[in-house]
Amino acid sequence: MTAIKGSTDKPIVDIVVPVYNEEHDLEPSVRRLRTYLDERFPFGARITVADNASTDATWQLAQRLEAELPGVRAIHLDQKGRGRALRSAWLASDSTVVAYMDVDLSTGLDALLPLVAGLLSGHSEIAIGSRLAPGAHVVRGPKREVISRCYNLLLRTLLATRFRDAQCGFKALRTDVARELLPLVQDQAWFFDTELLVLAERAGLRILEVPVDWVDDPDSRVDVGATALADLRGVWRLIRQRRSVVLAGFGGSPARRGLGSQVGRFAAVGVVSTLAYVALYSLVRAFEPAPLANALALITTTVGNTAANRRLTFGVRGRADLVRDHMAGLAGLAVALVITTTAIALLDAAVARPGRVVELAVLVAANAFATICRFGLLRALIVPGGRPAPTSINLERTPS
């Protein structure tokens, strides 16, 4: 059950502050934020306190602040979960931009204007505060610094993300984008931020990164161990669900071609590549030993094969991720080299002097098996997109 009370004039920005048992920090933080918005923020803004099942006096304090301060409203949820609180508040908002920040206000408030400005100008659909972007100033212990950097490196390695800082509690997005994207996000807790950003990138949305000043809260109640485990489960789920996301009205990536269509196109490209391989191998084999002829023929045909499969099989166009996709092709080449070289060695061990026809037949068979392996590898690593890949734009702030 969700209760929403109070209303203000329709704001341009709705800043959600999710809270759980924050009776000590809530009032001073909300008053400080409200003062900042009234005195220094140029756009109409509302503060929405989203209480998710607090068991102390947090909800009562939120109601009192709503009654006392114009531009503050309170939402209460009967279930815990930061993601659940943000989803409820954002979907219920009538603002142009929805945002959120942690109740401890660890992030310097001067970053709020550049966070929102890129969205209102139409430059980006989502904006995030980043503690890892150039220009950020961060004060925190070495343990949290290492955990944060390792987590974001993990995301960039396993999910090919481009944003630098997934978990900074300082984000904003256009409300129309939120209404399209939020129904796709499954997590209701701390992994909510990461999943939201990964899905946004897969949909081809542009993410603006704003370097922030950030001071660690030593009294943070986040259970680092439990949160890390939940995050790893979330990462694994997104790896298994790796696919493009289509958002109506936002020019999102087209749906990935079906497996049958991909197999057919891959096979057609493979036939052409195999014919080219046989021709090159036969030409080089007249002058060089079999392993060298095999390697040269494979390397030469792999570049063209990857380019053709990238466009024809997986529907990827443009230069976005071109290097990464060709690296995937090289990984497939390495697999093919191992398989075909092993086949040659086994043939030489079994037959003293195999004829050229037998040698070529064994290599073609080995290449067919290697092709199946390459298809699985390329299908996992090459993600289709119908528009240029999203870019993380780094906006340097001028010190005030």
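Computed from a predicted model, the values in this text were never measured in an experiment.

Cut-offs and rules
Residues numbered from 1 in each chain as written. Predicted model: local features only at pLDDT ≥ 70, side-chain atom pairs only at ≥ 80, totals over all residues. Heavy atoms only, no water. Helix = DSSP H or I, 4+ residues; strand = E, 2+ residues; numbered from the N terminus. Buried < 20%, exposed > 50% of the residue type's maximum accessible area, 1.4 Å probe, protein only. Contact = heavy atoms within 4.5 Å. Axes fitted to C-alpha atoms, helices over the stretch in contact; angles between N-to-C directions. Parallel < 35°, antiparallel > 145°, perpendicular 65-115°, else oblique. Nonpolar A, V, L, I, M, F, W, Y, C, P; charged D, E, K, R; others polar. Core = buried A, V, L, I, M, F, W, Y, C linked by side-chain atoms within 4.5 Å. Lys, Arg positive; Asp, Glu negative; His and termini not counted. Salt bridge = Lys/Arg side-chain N within 4 Å of Asp/Glu carboxyl O. Polar contact = N/O pair within 3.5 Å; in protein donor to acceptor, adjacent residues only side chain to side chain. Phe/Tyr/Trp six-rings, centres within 6.5 Å; stacked < 30°, edge-to-face > 60°. pLDDT = per-residue confidence, 0-100. Pairing = 2+ DSSP bridges. Right-handed = clockwise from strand over helix to strand, strands pointing away. Patch = residues over 30% accessible without salt bridge, like charges linked within 9 Å, V, L, I, M, F, W, Y side chains within 5 Å. Areas by Shrake-Rupley, 256 points an atom, 1.4 Å probe, with all protein chains shown as cover.

Colleague: Sorry if this is basic, but what is going on with the overall build of the protein chain here?
Modeller: Check the secondary structure of the protein chain and you find 12 helices and 11 strands. For the protein chain, the residues scored as buried account for 48% of the 400 residues in total. Restricting the contact set of the protein chain to residue pairs at least 6 apart, pairs at least 24 apart contribute 80%.

Colleague: Teacher, can you tell me more about the packing of helix H3 (residues 82-91) against helix H7 (residues 192-202) here?
Modeller: Geometry of a packed helix pair, given as the angle between the helix axes and the separation of the axes. Put simply, H3 and H7 touch, their axes get as near as 9 Å, and they point 55 degrees apart. Taken together, the axes of H3 and H7 are oblique relative to one another. For the pair H3 and H7, the contacting residues are Arg82, Gly83, Leu86, Arg87 and Trp90 in the first and Phe192, Asp193 and Leu196 in the second. Each residue belonging to the contact of H3 with H7 can be placed in one class, and the counts come to 4 nonpolar, 1 polar and 3 charged.

Colleague: Help me out: how do you make sense of the environment of Asp176 in this one?
Modeller: With respect to the helices and strands, Asp176 occurs in helix H6 (residues 175-181). Distance in space between the C-alpha atoms of Asp176 and Leu91 is 9.4 Å, their sequence separation being 85 residues.

Colleague: I keep staring at the nonpolar core and nothing clicks. Help me out?
Modeller: The nonpolar side chains of a soluble globular protein tend to be buried, and buried together. Ranked by internal contacts, the top residues of the largest apolar core, which has 39 residues, are Leu26, Leu37, Met101 and Leu112. With 5 residues, the single largest contributor to this core is helix H1 (residues 26-40). Counting 35 residues, the second largest nonpolar core, distinct from the first, contains Val177, Val198, Ala200 and Leu205.

Colleague: Please clarify how the side chain of Asp51 should be interpreted in this entry.
Modeller: Within the fold, Asp51 resides in strand S3 (residues 45-52). Buried within the structure, Asp51 lacks any salt-bridge partner; its nearest side chain of opposite charge belongs to Lys80, at an N-O separation of 11 Å. Of the polar contacts made by the side chain of Asp51, one reaches the side chain of Ser54; its length is 2.3 Å. Beyond its immediate sequence surroundings of up to four residues, Asp51 is in contact with Val19, Thr58, Trp59, Ile75, His76 and Leu77.

Colleague: Before we go on, may I ask you to explain H3 in this structure?
Modeller: For the α-helix, the turn length of 3.6 residues means that residues three or four positions removed from each other point alike. Burial within H3 is extensive, with 7 of its 10 residues counted as buried. For H3, the set of buried residues is Arg82, Gly83, Ala85, Leu86, Arg87, Ala89 and Trp90.

Colleague: Would you mind going over the packing of aromatic side chains with me for this structure?
Modeller: Two numbers describe a pair of aromatic rings. These are the distance of the centres and the angle of the planes. Summed over the entire model, instances satisfying the criterion amount to 4 aromatic pairs. Arranged with centres 6.2 Å apart and planes meeting at 55 degrees, the rings of Trp90 and Tyr100 form a pair that is tilted. Taken together, the residues span a long stretch of sequence, with Trp90 in helix H3 and Tyr100 in strand S5 (residues 97-101) at a distance of 10 residues. Grouping residues by exposure puts Trp90 and Tyr100 together as buried. Consider the rings of Trp90 and Phe192, whose centres lie 6.2 Å apart with planes at 50 degrees: the pair is tilted. Here Trp90, found in helix H3, pairs with Phe192, found in helix H7; they are 102 residues apart in sequence, far enough to count as distant. Given the relative accessible area of 1%, Trp90 is considered buried.

Colleague: I'm lost on the side chain of Thr107 in this one. Help?
Modeller: Here Thr107 is to be found in the loop between S5 and helix H4 (112-120). Classification of Thr107 by relative accessible area gives buried; the value is 4%. The contact partners of Thr107, leaving out residues within four places of it in the chain, are Cys168, Gly169, Phe170, Val212, Asp213 and Trp214.

Colleague: Hey, could you run me through the environment of Asp216 in this one?
Modeller: Checked against the element boundaries, Asp216 lands in the loop between strand S10 (213-215) and helix H8 (224-240). On the basis of relative accessibility, which here comes to 18%, the residue Asp216 falls in the buried class. For Asp216 and Arg140, which are 76 residues apart along the polypeptide, the C-alpha to C-alpha distance reads 4.8 Å. With residues near it in sequence (within four places) discarded, Asp216 still touches Val139, Arg140, Gly141 and Arg144.

Colleague: Hey, could you run me through unusual backbone geometry in this one?
Modeller: The general pattern is negative phi for most residues beyond glycine and trans for most peptide bonds. Its identity is not glycine, yet Asn21 carries a phi of approximately 55 degrees, on the positive side. Looking at the element boundaries, Asn21 is found in the loop between strand S2 (13-19) and H1. Residue classification places Asn21 among the buried positions, given a relative accessible area of 16%. Here the phi dihedral of Leu105 falls at roughly 50 degrees; this positive angle occurs in a residue that is not glycine. By secondary structure assignment, the location of Leu105 is in the loop between S5 and H4. According to the relative accessible area criterion, Leu105 is buried, its value standing at 8%.

Colleague: Could you clarify how one ought to interpret the confidence of the model for the protein chain in this entry?
Modeller: Atomic detail in the predicted coordinates should be set aside for any region of low pLDDT. Summary statistics for the protein chain give a mean pLDDT of 82 and a share of 84% for residues scoring 70 or more. Considering only residues more than four positions removed or in separate chains, one finds that residues 1-8, a stretch of pLDDT under 50, has 24 contacts.

Colleague: Got a minute to help me understand the pairing of strand S4 (residues 72-77) in this structure?
Modeller: Remark: a regular strand shows side chains that alternate across the two faces of the sheet. The buried fraction of S4 amounts to 6 of the 6 residues, a majority that puts the element mostly inside the structure. Neither face of S4 is open: one carries Val72, Ala74 and His76, the other Arg73, Ile75 and Leu77, and all of them are buried. By the bridge criterion, 6 bridges tie S3 to S4 in an arrangement that is parallel. The residue of S4 that forms the bridge with Thr48 is Arg73. Chirality of the crossover, the property in question, places the unit of S3, helix H2 (residues 58-68) and S4 among those that are right-handed.

Colleague: Even after reading the chapter, I still don't get a nonpolar patch on the surface, so can you show me in this structure?
Modeller: On the surface, Val323, Met327 and Leu330 cluster together into a nonpolar patch covering about 310 Å² of accessible area. Relative to the elements of secondary structure, Met327 occurs in helix H11 (residues 322-350).

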